[in-house]
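Listed below, chain by chain, are the residues.
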Amino acid sequence: MTYFNVTHISLVLRTCLQLNRGFVTHASIKHSFNINFQRLFGYVPICSRLIHTSKSNGQTQKDGITLLPSPQEVTLILRKNEFNKEFASGSIKSYDSNQLASNDPIEDTRCEGQCKLTPGLLMGVFDGHGGPACAQVVSKRLLDYVAAAMLPTDTINAILKEPQGALVDTYNDKIELINDLKTIYDNSFKEFLLELARTPRDDSNVYTAMEKGVLQLDSDLSREVIEPFYSNGVINQKTLSVALSGAVVCISYIDGPHLYVANIGDCNAVLGTLTDDNEWIAKKITKEHNSENFDELKRIWNEHPDEERKTVIRRDRLLGELAPLRSMGDYRYKWSTELLTKVAVPCVGDKAIPANYHTPPYLTAKPDIFYHRLSPKDKFLIIASDGLWDMLTPLQAVKLVGEHMKGKVFYNPLKLPKKNIQLGDINELLLHRKESLKSKPKDRNAATHLIRHAIGGTEYGIDHSRLAHLLSLTPDVSRMFRDDITVTIAYFDSEFLRQCPA
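The rules behind these values
- Residues numbered from 1 in each chain as written.
- Predicted model: local features only at pLDDT ≥ 70, side-chain atom pairs only at ≥ 80, totals over all residues.
- Heavy atoms only, no water.
- UniProt positions renumbered as here; feature names shortened; annotations may be inferred.
- Buried < 20%, exposed > 50% of the residue type's maximum accessible area, 1.4 Å probe, protein only.
- Helix = DSSP H or I, 4+ residues; strand = E, 2+ residues; numbered from the N terminus.
- Arc of directions from axis to C-beta.
- Salt bridge = Lys/Arg side-chain N within 4 Å of Asp/Glu carboxyl O.
- Pairing = 2+ DSSP bridges.
- Axes fitted to C-alpha atoms, helices over the stretch in contact; angles between N-to-C directions.
- Core = buried A, V, L, I, M, F, W, Y, C linked by side-chain atoms within 4.5 Å.
- Polar contact = N/O pair within 3.5 Å; in protein donor to acceptor, adjacent residues only side chain to side chain.
- Contact = heavy atoms within 4.5 Å.
- Phe/Tyr/Trp six-rings, centres within 6.5 Å; stacked < 30°, edge-to-face > 60°.

- The name that an unreviewed UniProt entry assigns to the protein is [Pyruvate dehydrogenase [acetyl-transferring]]-phosphatase 1, mitochondrial, with the source organism given as Papilio xuthus.
- Listed in UniProt under the heading Sequence similarities (unreviewed entry), the comment for the protein reads: "Belongs to the PP2C family."

Quick look at the structure:
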């Protein structure tokens, strides 16, 4: 039996009243799915090094009274995983990223990197479910698959003759796969390159490359389990763990003024645009693949017999279990009943096969791909897992980042606009700067700024008590109120975009 102290009961009541958006119910259902899934399949470590997620939640006891973390301790928790990268050229000036765990270990991952053989930058957010395995593996592999699919045949052949390792230089990569998986994955990637070499292409098509990279990697997650089983009857528990868990994905490819976003599931990408009247507009680029998307419901209903209409989507979930209606991995919903019986049931039992599982596959990893030509009015792109969007609307997020852009300039030293400036003009600059410092944000990193407001924000500003309460909960309780949160924000160079030809 779990006991809650008065602090936690108060938090429950306040959260239910303040959020009033169904978030508690949503997170509770997702938490229940993840707990049941992990009880069913267990957790198989696939990484030797991982993002720091220990929930030293800041609570201490003094004379039997629970003490919550101080504002300074809260800030340390929020900033633990933040990262910033600046660029000297191109359409992206910099990006901020951060993650805040609710699960232990965290099931979100993120990855950003510069393509070595093409000029574009790839950025992705991956939200895992049923454990972190699939999201971790996809974040390590997908960018290379997409980068390879963009290359012309001559370049692919040159790589096969003289292998050069990863095709993407990644930043702030905190995940390291264990050695036996590296060997398996390197062999799969080489097979992918051989297939690309056999498929002549005159020039790269980003739409085709992003789709091909995603679908090939998803197929490899399955093949890496099935081929060894059929060849020697052995089931690799690590690759099986990856194939049976799942991840939703949102990745962007930015090359000059060209922005492409591939989405699978319920992560989202939102563009922050500033109008001529200095008003912020949130352009939501992606569409979630869930039961709120009627086109997705119709697609799934049309793919299965009419007699399954009442069972294929139940309680707004695929087969009554899975909220996202597209994902990578999740081969419980893709393999045939015969294959599940041979591969999954011996390891995890009869519950490996969902109820009413008659006409698989029920799930696809095919991404929706969106294109947007960036203009000087487009200031930044936010990519985030649903842990953020459950608590902030796109417009709220864009306005917060816009206000942060205005205020964060005061972290930098004052630079005089010209030589031989008069003392009176300097005084005016200093007075203006002093007044503007009132809007200086607490966090230099905008992703941290968003997470702070998502958890502790109210209409009157940040409520430290609420923020401290939510950050001090243990993982089993925390997941009832919020999900893992991962945020990446890319800032565009308006002057670069202004000089791009129409």
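Resuming the write-up.
**Digging into helix α3 (residues 71-79)**
Consideration 1: Looking only at α3, the buried set comprises V74, T75, I77 and L78. The arc that holds the buried residues of α3, viewed along the axis, is 160°, so those residues lie on one side. With respect to the buried face of α3, the exposed residues turned more than 90 degrees away are Q72 and L76.

**A word on the pattern of salt bridges**
Consideration 1: Tallying each qualifying case throughout the model produces 22 salt bridges.
Consideration 2: Here E495 makes a salt bridge to R498, at a shortest N to O gap of 2.8 Å. One end of the pair, E495, and the other, R498, are both in helix α19 (residues 494-499), three residues apart, so they sit about a helical turn from each other.
Consideration 3: Residue class for E495 comes out partly exposed when judged on its relative accessible area of 41%.
Consideration 4: Among the charged side chains, a salt-bridge network with shared partners connects E296, R299, E303, R326 and D368.

**Considering the sheet that holds strand β21 (residues 485-492)**
Consideration 1: On the basis of which strands lie adjacent, the open sheet formed by six strands has the order β4-β5-β21-β18-β12-β13 and antiparallel pairing. With partners counted over all chains shown, the strands left at the sheet margins are β4 (83-86) and β13 (280-284), one partner each. Each neighbouring strand pair of the sheet contributes to a mean axis angle of 15°, computed without reference to strand direction.
Consideration 2: Two elements, strand β5 (residues 92-100) and β21, share eight bridges in a ladder whose sense is antiparallel. Its bridge partner lying in β21, I92 is registered against F492.

**Brief notes about the nonpolar core**
Consideration 1: The biggest cluster of nonpolar side chains holds 80 residues, and the ones touching the most others in it are V138, L142, M210, L318, M328 and W335.
Consideration 2: Considering every element that reaches this core, the biggest residue donor is helix α4 (residues 133-149), with twelve residues.
Consideration 3: Counting 35 residues, the second-largest nonpolar core is a separate cluster that includes V270, M391, A468 and V487.

**Concerning the side chain of R332**
Consideration 1: Relative to the helices and strands, R332 is located in the loop between β16 (328-329) and α11 (337-343).
Consideration 2: R332 gets classed as buried once you look at its relative accessible area, which sits at 3%.
Consideration 3: At 2.9 Å, the side chain of R332 forms a polar contact with the backbone oxygen of A352.

**What about the side chain of T75?**
Consideration 1: On the secondary structure map, T75 appears in helix α3.
Consideration 2: The contacts of T75, once residues within four sequence positions are left out, are K442, D443 and R452.

**Details of the packing of aromatic side chains**
Consideration 1: Within the structure shown, the criterion is met by 16 aromatic pairs.
Consideration 2: Considering the side-chain rings of Y207 and Y260, the 5.5 Å spacing of their centres and the 90° angle between planes classify their relative orientation as edge-to-face. With Y207 in helix α7 (residues 206-232) and Y260 in strand β11 (residues 258-264), this pair connects stretches of sequence that are 53 residues apart.
Consideration 3: Seen in terms of ring centroids, W280 and F380 are 5.3 Å apart; in terms of plane orientation they differ by 45°. Their pairing is tilted. In this pair, W280 is assigned in strand β13 and F380 in strand β18 (residues 378-384), connecting sequence segments 100 residues apart.
Consideration 4: Counting every residue linked through ring pairs, the aromatic cluster contains F83, F87, Y95 and Y171.

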